[in-house]
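Listed here are the chains, written in short residue letters.
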Amino acid sequence: LAGGVHTVTIGTRDPSKLREWANRQKNVRVANFADAAESADIVVLAVKGNAASSALKAAGDISGKIVIDATYPIADAPP
């Protein structure tokens with residue numbers, strides 16, 4: 001994009017929860033996982049480890065895209 005400005009799309013199960021926040025940000029868009037992944041050049045998977053499979057399924061076909069896996073292995077129970 002001109003001037004080095006990029007738009008970031010945040011994929012979420014419920015975009016309505018983040019819309020008000022996103023509307024106050026520059027170059028931020030909120031969408032469901034599939035719509036976010038479809039328009040992305042790079043997909044960052046940054047979810048709790050046990051939610052990764054579900055998030056990837058919801059993202060749809062991401063073949064040919066760069067995927068950065070930043071999942072984190074937080075247990076459901078406290079240590």
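Structure's up top.
Here is what the cut-offs are and how they apply
- Just so you know, the residues in each chain are numbered from 1, in the order the chain's sequence is written.
- This being a predicted model, a pLDDT of at least 70 is required before a residue's local features are given, and a value of 80 or more before pairs of side-chain atoms are given or counted; all residues contribute to the totals for chains, interfaces and linings.
- Think of the side-chain values as coming from all heavy atoms in the structure, minus any hydrogens and water.
- Helix numbers and strand numbers start at the N terminus; a helix is a DSSP run of H or I with at least 4 residues, a strand a run of E with at least 2.
- Three exposure classes are used, based on accessible area relative to the maximum for each residue type with a 1.4 Å probe and protein chains only: buried under 20%, partly exposed in between, and exposed over 50%.
- It only takes one pair of heavy atoms within 4.5 Å for two residues to be counted as in contact.

Chemist: What is the right way to look at the environment of K17 in this model?
Modeler: Of note, K17 is situated in helix α1 (residues 16–23). Between the C-alpha atoms of K17 and L45, which are 28 residues apart in sequence, the distance is 19 Å.

Chemist: How should I be thinking about unusual backbone geometry in this particular structure?
Modeler: With the exception of glycine, the majority of residues adopt a negative phi angle, and the majority of peptide bonds are in the trans configuration. The phi torsion at N27 lies on the positive side, around 60°, for a residue other than glycine. Summarising the element assignment, N27 is placed in the loop between α1 and β2 (28–31). On the basis of relative accessibility, which here comes to 36%, the residue N27 falls in the partly exposed class.

Chemist: Sorry if this is basic, but what is going on with the side chain of T12 here?
Modeler: Topologically, T12 is positioned in the loop between β1 (8–11) and α1. Residues contacting T12, with those up to four places away along its chain left out, are L18, V30, A31, N32 and F33.

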